[in-house]
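# Summary of structural features
Residues per chain, in single letters:
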Amino acid sequence: RRHNGVDLTILCTCCGSELYCWGVPRTVLLVEDEPDLIQVMELALRRGGFDVVVAVSGAQAVQAALSRHIDVVMVDRGLPDMDGTVATAQMRAGGFRGGILVTSGQSGPEHADACRTAGADDVLDKPFALSELVERVALLLGAPEAVGA
């Protein structure tokens, strides 16, 4: 699809096909076990123009990321069944090629290094502004800045 002479085609991060164009919602897998955080983050992402799939455990996240079309995974490091870095490594080992953003109450260079070593593309320390969350997801997609978060 072209607009004003600009190619708006987006390659799928999972399979490389040319199925998505700007303006078509991209799917974010939100992996978080705290109900209140799920509610506000899901709302912010939807207002930012994203479709959202929610998983509340690392096992659910790995299964969803490897069995359906997901563009970006946003995974909390402190999940009830496994560390978010373990889930990240399992998704990468299973072939997930989309962006992965790890969120965590931890901070510091060792924390960021552990997340990136596991396969994360970005790390966002809690607390964070919801607008920053939407912006980071958009950046992982290479998309124009999301609005309305």
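## Some remarks on the pattern of salt bridges
In total, this model carries 9 salt bridges according to the counting rule given. Arg136 serves as the salt-bridge partner of Asp122, at 3.1 Å between the closest nitrogen and oxygen. One end of the pair, Asp122, is in strand β9 (residues 122-125); the other, Arg136, is in helix α5 (residues 130-141), and 14 residues separate them in sequence. A cluster of three or more residues bridged by salt bridges with shared partners is formed by Arg116, Asp122, Glu132 and Arg136.

## Section: the confidence of the model for the protein
Low pLDDT marks stretches whose predicted atomic positions should not be read closely. Per-residue pLDDT for the protein has a mean of 85; in total, 79% of the residues score no lower than 70. In the model, residues 17-21 has pLDDT below 50 throughout and makes 18 contacts with residues more than four positions away in sequence or in other chains. Below pLDDT 50 for its whole length, residues 144-149 participates in 15 contacts with residues either more than four positions away or in separate chains.

Criteria and thresholds
- Residues numbered from 1 in each chain as written.
- Predicted model: local features only at pLDDT ≥ 70, side-chain atom pairs only at ≥ 80, totals over all residues.
- Heavy atoms only, no water.
- Salt bridge = Lys/Arg side-chain N within 4 Å of Asp/Glu carboxyl O.
- Helix = DSSP H or I, 4+ residues; strand = E, 2+ residues; numbered from the N terminus.
- pLDDT = per-residue confidence, 0-100.
- Contact = heavy atoms within 4.5 Å.

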